[in-house]
Amino acid sequence: MEPLAERLRPRTLDDYIGQRHLVGQGAVLRQMIDSGRISSFILWGPPGVGKTTLAQIIAHRLETPFYTLSAVTSGVKDVREVIEKAQKGRFFNEASPILFIDEIHRFSKSQQDSLLGAVEKGIVTLIGATTENPSFEVIRPLLSRCQLYVLKSLEKDDLLQLLHRALTTDVVLKERHIDLQETGALLRYSGGDARKLLNILELVVEAEGQGDVVITDELVAARLQQNPLAYDKQGEMHYDIISAFIKSIRGSDPDAALYWMARMIEGGEDPQFIARRLVISASEDVGLANPNALLLANAAFDTVMKIGWPEARIALAEAVVYLATSPKSNSAYLGIDAALQLVRQTGNQPVPLPLRNAPTQLMKELGYHDGYLYPHDYPGHFTPQQYLPDALVNERLWHGQHNPAEEKLYQRMVNYWGERYEDHQP
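Since the model is a prediction, treat every value here as computed from it, not as a measurement. (Residues numbered from 1 in each chain as written. Predicted model: local features only at pLDDT ≥ 70, side-chain atom pairs only at ≥ 80, totals over all residues. Heavy atoms only, no water.)

Asks: Is there a simple way to think about the pattern of salt bridges in this case?
Replies: Opposite charge on two side chains permits pairing when their charged atoms draw close. All told, the structure shown has 15 salt bridges when counted by the stated rule. With its nearest N and O atoms 3.1 Å apart, the salt bridge here joins Glu6 to Arg9. Glu6 sits in the partly exposed class, given a relative accessible area of 29%. Among the salt bridges present, the one from Arg61 reaches Asp34, with a minimum N-O distance of 2.8 Å. Taken together, the positions of Arg61 in helix α4 (residues 51-62) and Asp34 in helix α3 (residues 28-35) put the pair 27 residues apart, joining distant regions of the chain. A residue is classified by how much of its surface remains accessible, and Arg61, at 44% relative accessible area, is partly exposed. Here Asp34 falls in the partly exposed class, since its relative accessible area comes to 43%. Linked by salt bridges that have partners in common, Asp14, Arg30, Asp34 and Arg61 make up one network. (Salt bridge = Lys/Arg side-chain N within 4 Å of Asp/Glu carboxyl O. Buried < 20%, exposed > 50% of the residue type's maximum accessible area, 1.4 Å probe, protein only. Helix = DSSP H or I, 4+ residues; strand = E, 2+ residues; numbered from the N terminus.)

Written as structure tokens, this is what we have:
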């Protein structure tokens, strides 16, 4: 017999639990589905929140061919075969077949490249599912052709509704005498993951044999008889622990940072996931206060790729302690965000003529590059000149912070630019 999670898989949007911000009445995905035409999109969220189910409901509702590929087991050849089938089987003016790719973040660049043409020409409508941030894992050309919808871990009320549905509608469970006295352990171990919740419920019920079942928190914990981390690895706690890990590094607490990393390691976390977060932390939180931190984080990432577990834990620990004990600065982080905001507010300001490239005679005649001062021709390899657009000439975006490394950088800028920086001392 099918597992409980599969038996209870919703077949319609009305039976779908959670994600009301996407599929509730009047919500964006609901409107798209009701219109009978959908565009390619990617569903991003933790496991067990309904990504695959939602794709299947859409395909059933639209009555269109539905192809599924798993990024874990499929290669470029499989992608091309599916696209060829979709192209041959489609009739004129019929809705494009849906290609659902689970764990699309595991697709290589070449695999993702092989999808581009079919998605752009409408041969298939792509629905991708990922637990990782698509900005980092999905190539930009493919991401630009897809809408991105974020799914959330199921709330307590959603999970309780799912438990009630399982006990009252499932063909197996409704025949049993099940008294659900306590739900705390079920909800805690499931971590907002519907599939995990149903798997735990099924395990507990089956372990009690054929008699009556009284479900308590103590019974659930006893029946699982394993480290709760195994259940929480990809649930809500997964995100809470990585958050605690990063905040401990940012807060300069190496003991806490090592503890949270140990929790991730014991929970079976992918070492590359940890290493990526260290690279982000080194640039976002340590930054210019200790530029060597980014070098060490990258070295740790490289070591992880070369040697893997268990020895990689040592390189990661070295990087964690170094980052946690380093002085902190987010001036570069704040600077690029300020620059992006300025660009969005002011649009495409013209490049000053002296800074423009002049590869042709016409450009030279128009004044491109004319007046540019080559810094290396001057004492100290610096001479004042305008680098920002005319309308933004007085803007300041980078502000040095109070740490020995950045004080030196700031003082150099004061020596170079004078009042422009003296008015904004760190």
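Asks: Help me out: how do you make sense of helix α6 (residues 109-121) in this one?
Replies: Note that an α-helix has 3.6 residues per turn; residues three or four places apart therefore point the same way. Between its first and last C-alpha atoms α6 spans 19 Å; for 13 residues at 1.5 Å apiece the expected length is 18 Å, and the two agree. The sharpest bend along α6 measures roughly 25° and falls at Leu115. Within the span of α6, buried status applies to Gln111, Gln112, Ser114, Leu115, Leu116, Ala118 and Val119. Taken from the residues just after α6, Gly122 is the one with a positive phi, measuring 80°. (Expected span 1.5 Å × (residues − 1). Bend = angle between axes of the 7 residues up to and from the residue.)

Asks: When you look at unusual backbone geometry in this model, what are you seeing that I'm missing?
Replies: Trans peptide bonds make up most of the peptide bonds, and negative phi angles are found at most residues other than glycine. For Gln19, which is not glycine, the phi torsion reads 55° and is therefore positive. Tracing the backbone shows Gln19 in the loop between α1 (4-7) and α2 (20-23). Phi at His381 takes a positive value of approximately 55°, unusual for a residue other than glycine.

Asks: Help me out: how do you make sense of the side chain of Ser326 in this one?
Replies: Position of Ser326 relative to the elements: it lies in the loop between α18 (312-325) and α19 (331-346). In terms of polar contacts, Ser326 uses its side chain to reach the backbone carbonyl oxygen of Tyr322, at 2.6 Å. Each residue touching Ser326, except ones within four places of it in the same chain, is listed here: Ser252, Val286 and Asn290. (Polar contact = N/O pair within 3.5 Å; in protein donor to acceptor, adjacent residues only side chain to side chain. Contact = heavy atoms within 4.5 Å.)

Asks: I'm lost on the nonpolar core in this one. Help?
Replies: Considering soluble globular proteins, one finds that nonpolar side chains tend to be buried as a cluster. Counting residues in hydrophobic clusters, the biggest one holds 28 residues, and the most contacted among them are Leu173, Leu201, Ile215 and Val220. At the level of elements, α1, α9 (156-169), α10 (184-190), α11 (194-207), β7 (213-215) and α12 (217-224) are the ones that each hand at least two residues to this core. Looking at this core element by element, the count peaks at seven residues for α11. Setting aside residues up to four positions removed in sequence, Val220 forms contacts with Ala185, Leu186, Tyr189, Ile200, Val204 and Ile215. Counting residues in each nonpolar core, the second largest holds 24 residues, with Val279, Val304, Ala319 and Leu323 among its members. (Core = buried A, V, L, I, M, F, W, Y, C linked by side-chain atoms within 4.5 Å.)

Asks: Hey, could you run me through the packing of helix α15 (residues 254-266) against α18 in this one?
Replies: Packed helix pairs are characterised by how far apart their axes lie and by the angle those axes make with each other. Following both chains from N to C, one finds α15 and α18 inclined at 150°, their axes separated by 9 Å at the closest point. With respect to their mutual orientation, α15 and α18 come out roughly antiparallel. As α15 runs across α18, the sense of the crossing is right-handed. Taking contact as the criterion, the partners of Pro254, Ala257, Leu258, Met261 and Ile265 in α15 are, on α18, Arg313, Leu316, Ala317, Val320, Val321, Ala324 and Thr325. When grouped by side-chain class, the residues that make up the contact of α15 with α18 number ten nonpolar, one polar and one charged. (Axes fitted to C-alpha atoms, helices over the stretch in contact; angles between N-to-C directions. Parallel < 35°, antiparallel > 145°, perpendicular 65-115°, else oblique. Left-handed = near helix turned anticlockwise from the far one by under 90°. Nonpolar A, V, L, I, M, F, W, Y, C, P; charged D, E, K, R; others polar.)

Asks: What is the right way to read α9 from this model?
Replies: Over its 14 residues, α9 runs 20 Å from end to end, which matches the ideal 20 Å to within 8%, given 1.5 Å per residue. Residues of α9 that are buried: Asp158, Leu159, Leu162, Leu163, Arg165, Ala166 and Leu167. The inward-facing, buried residues of α9 abut β6 (178-180), α10 and α11.

Asks: I'm lost on the packing of aromatic side chains in this one. Help?
Replies: To describe a pair of aromatic rings, you give the distance between the ring centres and the angle between the ring planes. In this structure the tally under the stated criterion is six aromatic pairs. Both rings, one in Phe382 and one in Trp417, keep their centres 5.1 Å apart while their planes meet at 80°; by these two values the pair is edge-to-face. Of the two residues, Phe382 is situated in the loop between α20 (361-365) and α21 (404-417) and Trp417 in helix α21; the sequence distance between them amounts to 35 residues. Taking relative accessible area as the criterion, Phe382 reaches 17% and is therefore assigned buried. Seen from their ring centres, Tyr387 and Trp417 are 6.4 Å apart, and the 80° between their planes marks the pair as edge-to-face. Here the residue Tyr387 occupies a position in the loop between α20 and α21, and Trp417 occupies one in helix α21, the gap between them amounting to 30 residues. Classification of Tyr387 by relative accessible area gives partly exposed; the value is 40%. Trp417 gets classed as partly exposed once you look at its relative accessible area, which sits at 22%. Through a chain of ring-to-ring contacts, the aromatic side chains of Phe382, Tyr387, Tyr416 and Trp417 assemble into a single cluster. (Phe/Tyr/Trp six-rings, centres within 6.5 Å; stacked < 30°, edge-to-face > 60°.)

Asks: What is the right way to look at the packing of α9 against α11 in this model?
Replies: Relative orientation of the contacting elements α9 and α11 amounts to 45°, with a least axis distance of 11 Å. Judged on the interaxial angle alone, α11 and α9 are oblique. Pair α9 / α11 crosses with right-handed handedness. From α9, Leu159, Leu162, Leu163, Ala166 and Leu167 reach across to α11, where they touch Ala194, Leu197, Leu198 and Leu201.

Asks: Help me understand the sheet that holds strand β4 (residues 125-130), please; the structure alone is not making it clear to me.
Replies: Think of a sheet as strands paired side by side through backbone hydrogen bonds, with each pair either parallel or antiparallel. Judged by pairing direction, the sheet is parallel, and its five strands sit side by side in the order β2-β3-β4-β1-β5 without closing on themselves. The sheet terminates laterally at β2 (66-70) and β5 (147-150), the two strands that pair on one side only. The mean angle between the axes of side-by-side strands here comes to 20°, regardless of whether they run parallel or antiparallel. The pairing of strand β3 (residues 98-102) with β4 spans five bridges and is parallel. Counted as the bridge partner of Ile98 is Thr125 from β4. (Pairing = 2+ DSSP bridges.)

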